[in-house]
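# Report on the structure
Given next are the chains, with one letter for each unit.
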Amino acid sequence: MNKLRPLKIPYGLKNGKLVHVSEVESGKACGCLSPLDDKTPLVARKGEKKRGHFAAKAMCDPVAARETIFHRLAKQVLSDERSLLLPLIKLQLENRIVTLRPKHVLRNVEVLEEPRIKARHYDADSIIILDVKGPRRRLVVEWVVTHPCEPQKVDFLRSRRVPTIEILIGEAPDSLSSEQAKKWILFDAQLSWICRPL
């Protein structure tokens, strides 16, 4: 377990949305709450020598705080933008690799509010509905901040052939504004298939 430290985070909650410290007024006038509990008032610290951050009297585990904030930010971005880059689909054929489908962007997707799979056996980070003919197809999105999808989840998804991608968002710098974070999450982060739709 990581040591508890004073709360210092790059994003705060304002009017129900995560905002970067660079996008609000300094001090208590920022009007933001902690995204860790949705109620602790934050103070925007914006100096010339140190990188800006939100602070509060509360103590937290900085690794767990980052995990929570970036998961929440990724879900917010996907829900707001309704677009997502999908990894390429390739197939190994004897001595060569064949690309079946290049990377492409899904647009105007439907994002489920309660991401549950198969009668509540598994909670996904995000689920989107693919716009395809026939039965509604789902795509599971796992957001990776500090650690990849657990082996039990991977086994569950693969055994049921649920199309799933994993997106590594933990490498995003804390200095990214909300707009820069949106681009990073949707189009720049490393992504791969956990279970591809074949």
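The coordinates are above.
Here goes a summary of the coordinates provided. Remember, predicted model here, so these are calculated numbers, not experimental data. (Residues numbered from 1 in each chain as written. Predicted model: local features only at pLDDT ≥ 70, side-chain atom pairs only at ≥ 80, totals over all residues. Heavy atoms only, no water.)

Turning to the overall build of the chain, a few remarks are in order. The secondary structure content of the chain amounts to 3 helices and 16 strands. A buried classification covers 44% of the 198 residues belonging to the chain. Relative to all contacts within the chain whose residues are 6 or more apart in sequence, the contacts with residues 24 or more apart total 57%. Accessible area of the chain: about 12000 Å², with a carbon and sulfur share of 50%. (Helix = DSSP H or I, 4+ residues; strand = E, 2+ residues; numbered from the N terminus. Buried < 20%, exposed > 50% of the residue type's maximum accessible area, 1.4 Å probe, protein only. Contact = heavy atoms within 4.5 Å. Areas by Shrake-Rupley, 256 points an atom, 1.4 Å probe, with all protein chains shown as cover.)

The end-to-end C-alpha distance of helix α1 (residues 62-81), which contains 20 residues, comes to 28 Å, matching closely the 28 Å that a straight helix rising 1.5 Å per residue would cover. Among the residues of α1, those classed as buried are Ala 65, Glu 67, Ile 69, Phe 70, His 71, Leu 73, Ala 74, Gln 76, Val 77 and Leu 78. Backbone geometry just downstream of α1 places Arg 82 in the positive-phi region, at approximately 55 degrees. (Expected span 1.5 Å × (residues − 1).)

Relative orientation and spacing of two packed helices are given, respectively, by the angle between their axes and the distance between those axes. Running from N to C, α1 and helix α3 (residues 178-188) point in directions that differ by 85 degrees, and their axes come no closer than 10 Å. In terms of orientation, α1 lies roughly perpendicular with respect to α3. Along the contact surface, α1 presents Leu 73, Ala 74, Val 77 and Glu 81, while α3 presents Ala 181, Lys 182, Ile 185 and Leu 186. Looking at the contact of α1 with α3 residue by residue, the classes come out as 6 nonpolar, no polar and 2 charged. (Axes fitted to C-alpha atoms, helices over the stretch in contact; angles between N-to-C directions. Parallel < 35°, antiparallel > 145°, perpendicular 65-115°, else oblique. Nonpolar A, V, L, I, M, F, W, Y, C, P; charged D, E, K, R; others polar.)

Okay, the side chain of Ser 178 next. Within the fold, Ser 178 resides in helix α3. Side chain to side chain, Ser 178 and Glu 23 meet in a polar contact 2.6 Å long. (Polar contact = N/O pair within 3.5 Å; in protein donor to acceptor, adjacent residues only side chain to side chain.)

The backbone phi angle of Arg 82 is positive, close to 55 degrees, even though this residue is not glycine. With respect to the secondary-structure elements, Arg 82 resides in the loop between α1 and β6 (84-86). The phi angle at Arg 161 is positive, at roughly 55 degrees, despite the residue not being glycine. Positionally, Arg 161 belongs in the loop between α2 (151-159) and β15 (164-168). Judged by relative accessible area, which is 51%, Arg 161 ranks as exposed.

To continue, consider the nonpolar core. Judged by nonpolar contacts, the single largest core of 46 residues is most densely connected at Phe 54, Leu 84, Trp 143, Ile 167 and Ile 169. Considering every element that reaches this core, the biggest residue donor is α1, with 7 residues. Excluding residues that lie within four positions of it along the chain, Ile 169 makes contacts with Phe 70, His 71, Ala 74, Trp 143, Val 144, Val 145, Trp 184, Ile 185 and Ala 189. Counting 12 residues, the second largest nonpolar core, distinct from the first, contains Ala 124, Ile 127, Val 154 and Ile 194. (Core = buried A, V, L, I, M, F, W, Y, C linked by side-chain atoms within 4.5 Å.)

In short, the description is geometric, and any link to function would need to be established separately.
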